[in-house]
Each structure stands twice: as structure tokens, then as C-alpha cells.
Amino acid sequence: MTSEQPGAVPDHPGPDEEPPLLRLRGVSKHFGPVRALTGVDLDIPAGKVTALAGDNGAGKSVLIKCISGIHAPDSGQMWWEGAPVHVRTPSEAAALGIQTVYQDLALCDNLDIVQNMFLGRERLRRTGLDEVSMENAARETLTSLAVTTVRSVRQRVASLSGGQRQSVAIAKAVLWNSKLVIMDEPTAALGVAQTTMVLDLVRRLADRGHAVMIVSHNLNDVFQVADRIAVLHLGRMVDVRPTADSDRQIVVDLMTTGESTRVVREPGRPV
Amino acid sequence: MTRVAEPDTAEEVLGQKKTVGRQVHAVLHRMPALSPLIVLVAAGVVFGLMNSRFFLPGNLSIILQQASIVGALAVGQTLVILTAGIDLSIGAVMVLSSLVMAKLVKDGSVPGPVALLIGFAVAVLAGALNGFLVTRIKLPPFIVTLGTLSIFTAGTLIYAQGQTISLPANTFLTWTGSTISIGSFNLTVGVIMMLVLYAVFAYALRQTAWGKHLYATGDDPEASSLAGIRTNRVLLSAYVVAGAVIGIGAWILVGRINGADPNAGVNANLESITAVVIGGTSLFGGRGAVVGSLIGALIVQVFDNGLALAGVDPNYQVLAVGVLVLLAVGADQWIRSVKS
């Protein structure tokens, strides 16, 4: 199915090269008899948007759940900033600087934006919660990400539009000083204008030096925002390449069959 | 000079108009205790007009004293309901705890403070048992507390052997029944304890991380655990702290009836839920304020007292409370519904 051998990649980052922010080698995970991931290798560099593509059941969600500490991989190794790590819980991932924005957004509807952004990490002062400091930090973070459509940070999340909710979820990840932001289908439920808004936000995040990993079915989004495209097929990582060296047909081939013989021809690019 | 206004609110982005209904909706969501407060004030005005004795300090003092037991229990009930749970056993635990306190003093000649601590521990353990069954065995709170309601009620009756226990006034355990006069108001220590409970938990729910986690866990346990909150621990803490509140309620009860009666709390289980629901706290969790439950407990007593003063058949009070419960739940559904 694929000619790539996981073993072909060195087990440890070489001494000369700058280690990527996150390096996965040989990550496998099975649920009973179902092999969800088999020997997945992947590097996630800082300052880049890496798209993770794959058909339903290819293992995209399992892979991000392994990275964000929800599932423990059965085997394989993870390096974070060059050092081997084990991420066992979401809070351990958060402590490293890995934040995941889930598809269902994982925001509490009846809490306001500030409460959601600081949920689990409330700032305290002697007499109780430091609401002023939290409110200011939330507002500053939203402003710094150019999220300007939110009327008040004291609005409850249920009153926000889908794009605004996505923005709040992303801003929450930024607020918590994450170095890697993982997004699961960030535009799945959004209209055209809101999709643009969220993709712009994703781009700004990478330009600020965050590593961003997005899982998406939508190839329009992938080609619009990603620097690199990784494709999973039946639990195996079949291809990782820069977006410039790929096109829709190649990605579709890889997603459906696990391989593609097509070569991108672009003007001014040697074949 | 003209400037094109950018849409900057969710309503504008979605092309929605700020209607009156929408604004009322937003205000009620921010202040869940507002609508019960309006009902309480309106009821007070109406009953005051029907009978001028209603607003006499003596009468208002009686209302507060009558509300003190259910009011105290409603604090604990609010904590549990905010987590989207329910505690049907709350009154039974109070009676068991009060009986342990009174019986230890009366039959065991145990000093009052020690008896209080033991009775208090019984209430905390009962709360912990409910919390354990909900969080570890993963049973629905309704079923757990329906079961423990029977267990605690039967335990109380077996332990009491059908006897009521009366204690002399002005002992340590009955101190909660002693009167403190402020002007012409006759408050009891129990009433003040109940009000202090409300002050403490209003602060804890608004101003501590634990309070926020309680709301978050009740609103969306999955999102909360993804945010790093240990939701099981938060749930367990709600039942245990509710147990502690019930223990204090038991002390207030002993002072109020000068002893303990195994049949004293028959209606307290449901009355505490009624107070919380009328007080604007959502039975689906995550929304509400503890002060609303105080207002809810007062509303029930105000109807009881006001209709009696007006010479109305007391059955209408029960009917009125039933209507209020349905209105409160209906209002909650409306406030919860998101129109987008």
C-alpha cells in the first residue's frame, strides 16, 4: 500500500538539525482488534500550519487525541522541543503547551467568555477571583488576534455565532500560552464569511510563531491555510509534503488509496 | 463624515434585531434570581393590601423562622442541582442527623458540642455516600437519592424507635432556637445561621474557582473535563458540602422544635427542591444563584402566611406553589433556549 517505512526515519533527532516542536515516531494505537494507528511518524514545526487529512476512519481524531493526552498510544515515542515526553492527560499536554480546540468546541454554554477562557485556571487574589485581571487578559487576547466581532467578553457563549465560538476557543488556547494549537474541523459548522474569519485567525496564529495542526475534511480550507499536508490512510501516515508540492488530486488519491503517482506541475517549478 | 459601522454584535452579525423579549431574555439569564424577587415583592404587596398585619415585624419574623429549615436545606440542594444533580434524601438526612444529635444528649448523656459534631459527621457521611454512588458507581442522582431517601428514613425510624425526643430550651443544641431581637424583629439564631449560610455560599459560588467549576461541571461536564477540571471530584464535593450544610440545618431544626422528631422532615425533601426551582436555578444544571433559593423558600412561606392571614383555604397555598414551580421551570426553559 505504501512504500514508506517508518523505520527509515532516524529514531532520534540528529544533533545538527533543529528539532521540530513536536516529533512523533512509530506511534501506534489499537482499540481491541481495531488498529486505529500503525507506526505513525510526523513532525510538527513551529510557525507552520500542518493540515492532517484523511478519510473517515483514517485515524485523524485518534492521532490528535494521542497528542493531546486523551488516549495513550500503545507504542511509539513523542519528542517535545527535542526531549522525549509522555503525555498522559489533557492537563499534562496543556502544561507542555499543547492545546486542542475540539470539534464540538468544548465551551460551557452558560458561562461567559471570560469564565470559559479561564476555566480550570482561574486567577485568584486574596479576596476571591481576580475578575478584572481575567477580563482584561481575555479582552487583550481577543484584540491581539483581531477578533473584534464580540460585543462583550461578559457575553455568555451560547449567544455567540459559530465563528465567534471558534474564535473564543482558539483565543483560549492562545491565552494559555500554547505552542501547539490542534484544531479538529474548525470550519465544519461555519458559513462562508465565518470560515474566512477562522482561517484568517489560523494563519495569524502560525505567523505569530505557534505551531498549528488542523484536521479538516474540507480541501478548500486545507489548501487555503496549510503550509504542509499530512495524509493518513487506514491508520498509516502515507504522505507529508509542503502544500506547494501538492494539489487536490494528489491529496484525494492519497486519502482514498493511500498513494498517488501524480506529480505537481507548476509554472516556474522544475519537474 | 460618514463611517460604515461594522457589525459588532452577535445579533448584528446574524442579522437579528434586539427585541424587548431578547433583552429580557439576556437580563434574566444574567440574573436568575431576578424573576423570583419580583414574585416575592409582588406577593408581599398583594398580601400586605389584603391584611395590614402581614407587614408587622412579628409576622415577618415568623415567616423567616418558618423558612429557616427549608432555607438552610435549599443551600445544599442548590449546590447539587447546579451540578445537574438532585438530592431527594436531603430532608431525611437532616432528620437522621438531628435525631443523632438529640438522642446522644438525651439518652447517651454526651456533651452538646460532641453530639453536634457526631450528628454533623453523620450528615457529611450521608452526603459522601450519595456523592460516591453518583461519581464512582455512575448511577443517576435521582435514583441514588431515591434509594438513600428510603434507607435514611428507615434508619431514622429504626434508630428513634418511634419516639420523639424533647430537649430543654437554652441548652447547647437548642441554642439555635433562642431569640435575638433586632428592634421589633424576633430573629432566632437559626435564622441568622441560615442567612450566614447564604452569604458564605453566595461568595463561594461567585468568587472561588470551586464555584465556577461547579457551574461548569453542571453546564457541560465534557467541556469541563477537557478544560482540566476533575469533574468527579467537583461532583463529589457538591454532595459532601451539601451534607455539611444539612448538618447545620439539623442543628437549626433541633433548636426550632426543641428536640428531634423522626417525622419532622417528611416534606423537607421536596420543599427544598421547590425553593431552589422557584428561585430560578435550572434543574438541568449550570445556571442559577444560591440567593434565588432563599427567595424561593421565602416565597413559599409568604404564600402560606399571606393566604392564611387573608382567610383563604390553605389548599390554595399548595396550589399556588404548584403553579409557581411550573412557571419557574417554564421560564428556565425559555431562558435556556438559544435563538440563533
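Since this is a predicted model, take the numbers as computed values, not measurements. (Residues numbered from 1 in each chain as written. Chains lettered and ligands numbered in written order. Predicted model: local features only at pLDDT ≥ 70, side-chain atom pairs only at ≥ 80, totals over all residues. Heavy atoms only, no water.)

Student: Sorry, what's going on with the overall build of chain A here?
Tutor: Looking only at helices and strands, chain A features 8 helices and 12 strands. Looking at chain A residue by residue over its 271 residues, the buried ones come to 55%. Element-wise, carbon and sulfur atoms account for 51% of the exposed surface of chain A, whose accessible area totals about 11,700 Å². One way to put it: in chain A the 29 positive side-chain charges average out to a point 4 Å from where the 31 negative ones average out. (Helix = DSSP H or I, 4+ residues; strand = E, 2+ residues; numbered from the N terminus. Buried < 20%, exposed > 50% of the residue type's maximum accessible area, 1.4 Å probe, protein only. Areas by Shrake-Rupley, 256 points an atom, 1.4 Å probe, with all protein chains shown as cover. Lys, Arg positive; Asp, Glu negative; His and termini not counted. Charge placed at Lys NZ, Arg CZ, Asp CG, Glu CD.)

Student: How should the overall build of chain B be read in this particular structure?
Tutor: When helices and strands are counted, chain B shows 14 helices and 4 strands. Against the compact-globule benchmark of 20 Å for 340 residues, chain B has a radius of gyration of 22 Å, which places it among compact chains. The principal-axis extents of the C-alpha atoms in chain B amount to approximately 85 × 55 × 35 Å. Long-range pairs, those at least 24 residues apart, make up 75% of the contacts in chain B with a sequence separation of at least 6. Summed over all atoms, the accessible surface of chain B reaches about 15,200 Å², with 67% contributed by carbon and sulfur. Taking the average place of the 18 positive charges on the side chains of chain B and the average place of its 14 negative ones, the gap between the two points comes to 5 Å. (Rg over C-alpha atoms; globule rule 2.2 N^0.38 Å. Contact = heavy atoms within 4.5 Å.)

Student: Explain helix 6 (residues 192-207) of chain A to me, please; I cannot follow it from the model alone.
Tutor: In an α-helix, one full turn covers 3.6 residues, which means residues spaced three or four apart are oriented alike. Residue and element names in this part refer to chain A. In this model, helix 6 (16 residues) spans 23 Å end to end at C-alpha, consistent with the 22 Å of a helix rising 1.5 Å per residue. Buried within helix 6 are the following residues: Q194, T195, V198, L199, L201, V202, L205 and A206. Down the axis of helix 6, the buried side of the element spans an arc of 155°, and every buried residue falls inside it. Helix 6 presents V192, A193 and D207 as exposed residues on the side facing more than 90 degrees away from its buried surface. Count one or two residues on from helix 6 and you reach G209, which has phi positive near 105°. (Expected span 1.5 Å × (residues − 1). Arc of directions from axis to C-beta.)

Student: Before we go on, may I ask you to explain the sheet that holds strand 1 (residues 22-31) of chain A in this structure?
Tutor: Two orientations exist for strands paired in a sheet by backbone hydrogen bonds: parallel and antiparallel. Residue and element names in this part refer to chain A. Taken in spatial order, the 4 strands of this open sheet run 2-1-4-5, and their pairing is antiparallel. The outermost strands of the open sheet, each flanked by one partner alone, are strand 2 (34-44) and strand 5 (83-85). The mean angle between the axes of side-by-side strands here comes to 30°, regardless of whether they run parallel or antiparallel. (Pairing = 2+ DSSP bridges. Axes fitted to C-alpha atoms, helices over the stretch in contact; angles between N-to-C directions.)

Student: Can you help me understand unusual backbone geometry in this one?
Tutor: Negative phi values dominate among residues other than glycine, just as trans dominates among peptide bonds. One non-glycine residue, E81(A), lies in positive phi territory at about 50°. Of note, the phi angle at S109(B) is positive, near 50°, even though the residue is not glycine.

Student: Is there a simple way to explain a nonpolar patch on the surface in this structure?
Tutor: A contiguous nonpolar patch, built from L37(B), V41(B), V45(B) and L49(B) and spanning about 390 Å² of accessible area, is present on the exposed surface. Tracing the backbone through its elements, the reader meets V41(B) in helix 3 (residues 34-50). (Patch = residues over 30% accessible without salt bridge, like charges linked within 9 Å, V, L, I, M, F, W, Y side chains within 5 Å. Salt bridge = Lys/Arg side-chain N within 4 Å of Asp/Glu carboxyl O.)

Student: Would you mind going over the environment of D87(B) with me for this structure?
Tutor: All names here are of chain B. Topologically, D87 is positioned in the loop between helix 4 (57-82) and helix 5 (90-106). Considering only alpha carbons, one finds D87 and L28, 59 residues apart in sequence, at a separation of 26 Å. Once residues lying within four places of it in the same chain are set aside, the contact partners of D87 are Q77, V80, N130, T145, I246 and I273. Within polar-contact distance, the side chain of D87 engages the side chain of S89 at 2.7 Å. (Polar contact = N/O pair within 3.5 Å; in protein donor to acceptor, adjacent residues only side chain to side chain.)

Student: Could you clarify how one ought to interpret the domain arrangement of chain A in this entry?
Tutor: Interface size is often expressed as the accessible area that is lost when the parts come together. All names here are of chain A. Split into domains, chain A comes out as domain 1 (1-97 + 179-265) and domain 2 (106-177). In this assembly, domain 1 packs against domain 2 so that about 1,200 Å² is buried in total across both faces, 66% of it on carbon and sulfur atoms. It is M197, L201 and R208 in domain 1 that bury the most area against domain 2; as a group they hold 37% of the surface buried on that side. Inspection of the region where domain 1 meets domain 2 yields 0 salt bridges. Those elements that place two or more of their residues in the side of domain 1 that touches domain 2 are helix 2 (90-96), strand 9 (180-184) and helix 6. For the side of domain 1 that touches domain 2, the leading source of residues is helix 6, giving 6 residues. Of the residues assigned to the side of domain 1 that touches domain 2, the class counts are 10 nonpolar, 3 polar and 3 charged. (Domains from an automatic or database assignment. Buried area = accessible area lost by both parts, 1.4 Å probe. Nonpolar A, V, L, I, M, F, W, Y, C, P; charged D, E, K, R; others polar.)

Student: Would you mind going over the packing of helix 8 (residues 189-207) of chain B against helix 9 (residues 209-219) of chain B with me for this structure?
Tutor: Axes are the key here: two packed helices are described by the angle between their axes and the distance separating the axes. Residue and element names in this part refer to chain B. Relative orientation of the contacting elements helix 8 and helix 9 amounts to 75°, with a least axis distance of 5 Å. The angle between helix 8 and helix 9 falls in the class roughly perpendicular. Packed against helix 8, whose contacting residues are F201, A204, L205, R206 and Q207, the element helix 9 presents A209, W210, G211, K212, L214 and Y215 at the interface. When the residues that make up the contact of helix 8 with helix 9 are grouped by side-chain class, the tally is 7 nonpolar, 2 polar and 2 charged. (Parallel < 35°, antiparallel > 145°, perpendicular 65-115°, else oblique.)

Student: Even after reading the chapter, I still don't get the sheet that holds strand 10 (residues 211-215) of chain A, so can you show me in this structure?
Tutor: Residues and elements named next belong to chain A. Ordered in space as 6-9-10-3-11-12, the 6 strands form an open sheet in which the pairing is mixed. Because the sheet does not close on itself, it has two edges, and the strands there are strand 6 (98-101) and strand 12 (236-242). Mean inter-strand twist for the sheet, computed between neighbouring axes without regard to direction, equals 20°. Bridge count between strand 3 (residues 49-54) and strand 10: 4 bridges; the pairing is parallel. Counted as the bridge partner of A51 is I214 from strand 10. Together, strand 6 and strand 9 form the strand contacts of helix 5 (residues 162-175), whose direction differs from that of strand 6 by roughly 170°.

Student: I would appreciate a short explanation of the nonpolar core in the present structure.
Tutor: As a rule of thumb, soluble globular proteins bury nonpolar side chains together. Membership of the largest hydrophobic core comes to 88 residues, with the highest contact counts inside it found for M94(B), F201(B) and F303(B). The greatest single-element share of this core, amounting to 11 residues, is contributed by helix 4 of chain B. Leaving out residues up to four positions away in the same chain, F201(B) has contacts with V75(B), L79(B), W210(B), V241(B), V245(B) and V290(B). In terms of nonpolar packing, the next biggest core, distinct from the first, is built from 51 residues, V114(A), F118(A), V157(A) and A206(A) among them. (Core = buried A, V, L, I, M, F, W, Y, C linked by side-chain atoms within 4.5 Å.)

Student: How should I be thinking about the pairing of strand 4 (residues 75-80) of chain A in this particular structure?
Tutor: Remember that side chains alternate between the two faces of the sheet whenever the strand is regular. Residue and element names in this part refer to chain A. With 5 bridges joining them, strand 1 and strand 4 adopt antiparallel strand pairing. The residue of strand 4 that forms the bridge with L24 is M78. Here 3 bridges tie strand 4 to strand 5, and the two strands are oriented antiparallel to one another. In the strand pairing of strand 5, M78 is matched with V85. The hairpin formed by strand 4 and strand 5 contains 2 residues between the paired strands, and E81 there has a positive phi angle of roughly 50°.

Student: Help me out: how do you make sense of the pairing of strand 12 of chain A in this one?
Tutor: Residues and elements named next belong to chain A. Alignment of strand 11 (residues 228-233) against strand 12, held across 6 bridges, turns out to be antiparallel. Looking at the pairing, R228 lines up with P242 of strand 12. Here strand 11 folds back onto strand 12 in antiparallel fashion, the turn holding 2 residues, of which L234 has a positive phi close to 50°.

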